[in-house]
Amino acid sequence: MKAALLTRLREIEVRDVPEPQLYGPRDVLLRIDAVGVCGSDVHYYKTGRIGAAVVKYPFMMGHECAGTVEKAGSEVRGLRPGQRVAIDPLVACGHCDQCRSGRPNTCRNQRFLGQPGELSGSLAEYVVLPQECCYPVPESMTAGQAAMIEPLSIGLHAQRLAHLETGSAIAILGSGPIGLSVLLACRAASECMAYTTDLIDGRLKMAAELGAVWTGNAEQRDVVKAICEAEPAGVEIVFECAGEQETLNQAVELLKPGGTLVIVGIPEVDGVSFPIHTLRRKELTIKNVRRQNHCMAPAIELVSSGTIDVNPLITHHFALQETGSAFEMVSNYRDGIIKAMIHVADKA
Ligand SMILES: [Zn+2]
Ligand SMILES: [Zn+2]
């Protein structure tokens, strides 16, 4: 089968590799329809690592994907050949304390698609995964929409962790695909007042179209001052979706006492700092987001019912052969790109 492989930093080649086989009776062989390029894939592409996860070349990236069941193992229930599915890229062990307490997203033995040292990714014609990773989608859903379920489910998980109340003033710092997914999830959940920032005007324009009450370019203006003028008491929740020290600092300034910082962004550095006395005096709560938990099915429901429209986020389309160009474009934030969608079997 064809697969797009990272062969060294910033170099992707499409090569022929062996097709994966069903290993166990609960496995499913999926034909990949579409794969979205994630910010974490771009970290590997540009730097070869995220924290302790270091790439060994050649490496197959990709985890935001949708596919069609090609073959199912003998014990697979509820999935038959031809069924289209959105894919949860996390394979949890099902046995550890985390899995047993309903937290497969922090499973101690987890393996993740396209994660160095764990599983090879989905930028290929076929992938084998356990049936638990496969979530049927309605025929009306496009492959691109189905591949957006995974990033949307992270936005939904972040929103659920935040315990948003109707009318809450919130800030979303960073308006890439994940920041915008958080915005979509928050707007679908409640009539919140969402203040959003970014460094790219096109993303802010998108945030405004998706329901942000205010947007600001942090490179061109003092966004903390502007938001504090509009919300003198401070905001109740900040979703940090940029992974930068500066946005963490802004979050601490923007929050009202008793507020909650939800860290969604993935920093490129190994450590960040917080002004501990401000955290203490404001009695702020910090919550970290690790992947998503039980949000795939509700995300499918939100999209298939039309409550959330993910289509505006999918700005660019590529074939598997063009994976390298997709990664270059996303790395350089060219042409107003938000989500690059790579169509493998899907001909959309
Ligand atoms: Zn991702
Ligand atoms: Zn586990």
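It should be noted that the structure appears before, not after, this text.
For clarity, every value in this text was computed on a predicted model and none was experimentally measured. (Residues numbered from 1 in each chain as written. Chains lettered and ligands numbered in written order. Predicted model: local features only at pLDDT ≥ 70, side-chain atom pairs only at ≥ 80, totals over all residues. Heavy atoms only, no water.)

Whenever I open this one, the environment of Lys282 confuses me. Can you help?
Assignment of secondary structure puts Lys282 in helix α9 (residues 276-282). Classification of Lys282 by relative accessible area gives buried; the value is 17%. Among residues more than four places away in sequence, those in contact with Lys282 are Val252, Glu253, Leu254, Leu255, Pro257 and Gly258. (Helix = DSSP H or I, 4+ residues; strand = E, 2+ residues; numbered from the N terminus. Buried < 20%, exposed > 50% of the residue type's maximum accessible area, 1.4 Å probe, protein only. Contact = heavy atoms within 4.5 Å.)

Is there a simple way to think about the pairing of strand β10 (residues 126-130) in this case?
Along a regular strand, successive side chains alternate from one face of the sheet to the other. Along β10, five of the five residues are buried, which leaves the element largely enclosed by surrounding structure. Going residue by residue along β10, you find Tyr126, Val128 and Pro130 tucked away on one face and Val127 and Leu129 tucked away on the opposite face as well. Looking at chain direction, strand β3 (residues 27-36) and β10 are connected through five bridges and run antiparallel. In the sheet register, Arg31 faces β10, and the bridge partner there is Tyr126. (Pairing = 2+ DSSP bridges.)

Would you explain the packing of aromatic side chains in this entry?
Remark: the centre distance and the inter-plane angle together describe each pair of aromatic rings, the angle taken between the planes. Enumeration over the complete set of coordinates arrives at three aromatic pairs. On the numbers, 6.0 Å between centres and 75 degrees between planes, the contact of Tyr44 with Phe59 is edge-to-face. Here Tyr44 is found in helix α1 (residues 39-47), whereas its partner Phe59 is found in the loop between β5 (53-54) and β6 (64-72), with 15 residues between them in sequence. A relative accessible area of 3% places Tyr44 in the buried class. The class of Phe59 is buried, set by a relative accessible area of 7%. Seen from their ring centres, Tyr45 and Phe327 are 5.2 Å apart, and the 50 degrees between their planes marks the pair as tilted. With a gap of 282 residues between them, Tyr45 in helix α1 and Phe327 in helix α11 (residues 323-331) connect regions that are remote in the sequence. The same class applies to Tyr45 as to Phe327, namely buried. Over the ring of Phe112 we find Arg291, and its NZ or CZ is 3.7 Å from the ring centre. (Phe/Tyr/Trp six-rings, centres within 6.5 Å; stacked < 30°, edge-to-face > 60°. Lys NZ or Arg CZ within 6 Å of the ring centre and 35° of its normal.)

Could you clarify how one ought to interpret the state of the cysteines in this entry?
Covalently bonding the sulfur atom of one cysteine to the sulfur atom of another cysteine gives a disulfide. Counted by the stated rule, this structure contains zero disulfides. Cys134 supplies the cysteine sulfur nearest to Cys65, a cysteine that is in no disulfide, at a spacing of 9.3 Å. Residue classification places Cys65 among the buried positions, given a relative accessible area of 1%. (Disulfide = S-S within 2.5 Å.)

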